[in-house]
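Listed here are the chains, written in short residue letters.
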Amino acid sequence: MLAGQDSRFPRLSHSQWENTVRDLFGLDEITGLSSNFVGDPVAGGFDNQGATFDVGATLWGDYQRAAEGVAQLIVSDPDRLAAIVPADAGQSMEDRAREFVTTFGRRVYRRPLSSAEADVYVSGFLGAGSDYSDLDDFQAGVHLTLQKMLQSPYFLYRVIDGEETEPGVIPLDGWQRASRLSYALWNTMPDEALFEAAASGALDTPEGMAAEAERMLEHPYARDMVDDFHRQLLKFDAYLDQYRNPDFFPDFDPNIGYAMQEEARRFIKDIVLDRDQGYTELLTSTRTFANDELAAVYGLETTLGDQFVEVELDPTQRAGLLTRSGFLMSRSYQVDPDPIHRGAFISFDLMCNIHPPIPDNISSPEPDPTKTNRERVNDHTGPGTCGSGCHTTLINPAGFAFENFDATGAWRTEDNGKPVDASATFTFDGEPRSFDDAVDFSQLMADSQQAHTCYSQHLLEYLHARKSRPADRDPLNKLGEMSVSGDRSIRGIIIDLVTSDDFINLHQEEGQ
Amino acid sequence: MSAYSFNRRRFLRGIGGAVVALPMLESFMPRRAQAAEGSSRFFFAMRQANGVQCELGGEPERFWPSSTGPLTTDGMLAEDRAVSELADYASDLLLVRGTKFAFPGNGCGHSGGGNQCLTAARVSASPSGNESLAMGESVDNVIARQLNEPGVDPLTLYVGRKGGYINEVLSYRGSMELRGADENPWVVYERLFGLIGMDETVIQQIQNRRTSVNDLVHEEMSALLSSSALSSADRSRLELHRDAIRDLEIDLTCQLPPAEDVSAIEAMSAFCKDNDNVEVVARMQIDLAALAFACELTHAATLQIGDGNDGTEYTVGGQKLPNFHMVSHRIFAHGSEGDPIPGAEMMHHEIDRIHARMFKHMLDRLAEYSTSTGERLLDNTAALWTNDLADRYHSYNNIPQVLAGSCGGKLATGQYVDAGGVNHNKFFNTILNAMGCTKDDGSPIDDFGDESLEGGEISSMKA
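Below is a summary of the structure that appears in this document. What you see is a predicted model; the values in this text were computed from it and never measured. (Residues numbered from 1 in each chain as written. Chains lettered and ligands numbered in written order. Predicted model: local features only at pLDDT ≥ 70, side-chain atom pairs only at ≥ 80, totals over all residues. Heavy atoms only, no water.)

**Brief notes about the overall build of chain B**
Looking only at helices and strands, chain B features 11 helices and 14 strands. Sequence-distant contacts, at least 24 apart, represent 73% of the contacts inside chain B between residues at least 6 apart. Carbon together with sulfur atoms contributes 49% to the accessible area of chain B, which is approximately 15,800 Å² in total. (Helix = DSSP H or I, 4+ residues; strand = E, 2+ residues; numbered from the N terminus. Contact = heavy atoms within 4.5 Å. Areas by Shrake-Rupley, 256 points an atom, 1.4 Å probe, with all protein chains shown as cover.)

**Some remarks on the interface of chain A and chain B**
Counting residues at the interface gives 66 residues for chain A and 57 residues for chain B. For the pairing of chain A and chain B, the buried interface totals around 5,200 Å² over both sides, and the portion due to carbon and sulfur atoms is 51%. Joining chain A to chain B, the criterion identifies three salt bridges. The interface formed by chain A and chain B contains 22 residue pairs in polar contact (both at pLDDT 80 or more). Ranked by residue count, the leading element in the side of chain A that touches chain B is helix 2 (residues 57-75) of chain A, at seven residues. Taken together, the residues of the side of chain A that touches chain B break down into 29 nonpolar, 22 polar and 15 charged. (Buried area = accessible area lost by both parts, 1.4 Å probe. Salt bridge = Lys/Arg side-chain N within 4 Å of Asp/Glu carboxyl O. Polar contact = N/O pair within 3.5 Å; in protein donor to acceptor, adjacent residues only side chain to side chain. Nonpolar A, V, L, I, M, F, W, Y, C, P; charged D, E, K, R; others polar.)

**Points about the pairing of strand 7 (residues 431-435) of chain A**
Across a regular strand the side chains alternate sides, sitting on one face of the sheet and then on the other. All names here are of chain A. Both strand 6 (residues 424-428) and strand 7 contribute to a ladder of five bridges, which runs antiparallel. Pairing of Phe426 across the sheet is with Arg433, part of strand 7. Taken together, strand 6 and the strand that follows it, strand 7, pair antiparallel across an intervening segment of two residues, in which Asp429 is found at a positive phi of about 50 degrees. (Pairing = 2+ DSSP bridges.)

**What about the pattern of salt bridges?**
Residue and element names in this part refer to chain A. Tallied over the full model, the rule gives 65 salt bridges over all chains. For the salt bridge of Arg65 with Asp62, the shortest nitrogen-to-oxygen distance reads 2.8 Å. With a gap of three residues between them, Arg65 and Asp62 both fall in helix 2, about one helical turn apart. For the salt bridge of Arg98 with Asp119, the shortest nitrogen-to-oxygen distance reads 3.0 Å. Highlighted residues: Arg98 in helix 4 (residues 93-109) and Asp119 in helix 5 (residues 115-126), separated in sequence by 21 residues. Given the relative accessible area of 40%, Asp119 is considered partly exposed. The structure contains a network of salt bridges with shared partners spanning Asp47, Asp228, Arg231 and Asp237. (Buried < 20%, exposed > 50% of the residue type's maximum accessible area, 1.4 Å probe, protein only.)

As structure tokens, this is what we get:
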């Protein structure tokens, strides 16, 4: 599947499989069975791009065993079984089987079963008894039906089987929109209210979609979504597994990365969901959440304890997520901060600048204890070096803005006995802009439509579960414009993206 | 009667197996001849990351023998090189220096090397960097496609954590179609030998149920495939899924280890990604690969040791070393700047030796199993210890290629040869032909890898 192309058969990711099984059966927690699935290699972008996931022989076998495991888990527990089957009210076995197949089948297929589909299932249900020694006929029918349903392509894929209304455009029906919405915002199947909205036609309009999306953003699953998106965008995983030279940082605790992840999660969810604020606040807020460990990094002279509490940071030093501990520490070396990788991340990941190919084998800067970190980086990649083409304009200036933060993210004013210089010039929206330090730089970013458009592009890629494509450019620019002007909070951008024409219709462009 | 016509005659041969008891798996050693046919051929590739310690940048040679030519056990032991760990198998070895990757990486040498390692294909421009992909099929896939039962994948194994920067890199179904790799040997065991210890009635019932499920799913897949306006990418994905659906019949002719040995694998399940278990898990994966060959469940298997730029902290002499990637750069950093790691050169050499011993474990297993005609399984195998980089500078020139097994007498074992700086597609052309693979028209393979590469074999590798 090519980047940016929609699929009529996006496959559930393994985490979506787990969440869906949990919610199908009303389990308190996921089964964990997908941990035995062969992994889906992810090449670029977010890890939910179902159009790139396939089912080879190995995964097919994994699905088979997992379906058998789930069937066993449910049928062997009377309470779990009772939760998904109609009560035995003296009806015939066939009637009871049909009611089970049609009601539960709608949840598995995420649409009503056709009568022909139901007939096939009922027939299989009634004939299942002979293939089980340890179950009664009804239990056997449920067991075999669950095995079938959980291996059906209508369960494993979000099947979009409508007809084109114009070349390459397939409108989604209400059921398909419900699934698309729930997997985008919740990473799992629709709940009953969303199914009802699909059945009633409420999802036929963007307004109806928006109403459901607003409701869904109040659910705890939406908090997980916001967390997951930013975890991948900001690479929270890199906050862990850090090492600092004990000669320079004798008190450094490698486990501090966990606290930094927690801080970032709380900070982002507070901005996005609790306060309904925008990307500007994400880039400029002086508020964060810290415990004693992080208070030391931030130079806070209060005792916070082990629990995270809301604190205000020094507004002359800190502004927004780029001045938070996790970003700064994870893009540092053992002794010195790493302005190249700080700058590259900002330029390419947060400003969506395009970089030329990076050379494979890069030599080390010469150690020189008489120079600052910035001077050594400049000697290695700055003007007059072979790396200057990219580094002097696209990378290093953005990284130098954060030279006031050492390799642990703590504030510093000197480097190797010399004053830190965090000033530079960087291009925002095609215009070079000068800044004095990280606070200054973060405000320039917050005022840059390019930055807001880039963030919106990542949100689109996550919620639409595909790479962006040229046709996205105009709507993304519009979102960026509204975001930078304060007309759209991040929550508002999310609503716009899941009610857009591109979300409620499938665009299939052969050969794209 | 089935509603479809795909092959129902896949034999999964298994028996026995339950749980418990470290230490390790000695009874994985076969107690009697296994089922592999004497004419069958097998391919195994173990990938080490980060290059090897060799003569370069002022460091002396500690990997390759001092001169090309015949290999003997005494000669290899006398030189005390990393490959000396394999001295017991001197007459089975074919060491090949002088092969290189043809194409540059795309912003990340590790990813570019991993992409090319078993494919000899170009590296994608999009995605690029650490996310780049190979633009062609890997050699294990070619072998599985030609020698396995229809629809049976090559075994794709992995050891260690998946750190997220670069994970599995080796096995490709086709251009940019990277196959996931399994890091949990218990999952692999279950997948290969799952229905174990059950009586025949129960097994028959399970098979009946699976057949019933498969009939329905196959019918649904076929209906979806008949949809109009399917994109070629969707069609290809659905066909892959439909073709994967097959019935397994349980055949009890291949003897598996007793329950207490299988239990060691199960006990490791929760800890298989732990740094300190890399060597133990690698040996478990190797045991399973060898057993899968002996039972002829697959003809191709790969094993990746560590993530893309293996960050394992190996232990040597009771001392845990720094992150292997850092060791390979000789500095406490993953980038280009950092404090020197004292003794990194010897650490790298010791890590090379660890890999050599893991590879030797595979050779031990292959030497212990016999085919139906009484030969060692090793004699019917091409087992490869390779690397996705050459050396501490992470070059693509002179990739260390250590082969073992003559593949039915086709390969010139007992030799250390110099291929002369050729692209490594020729290395794989030679192996594929030794395996008995052919082009579609039945002629020998001379075009593995990217179509722009000069074809042909490496004649000094051939017996």
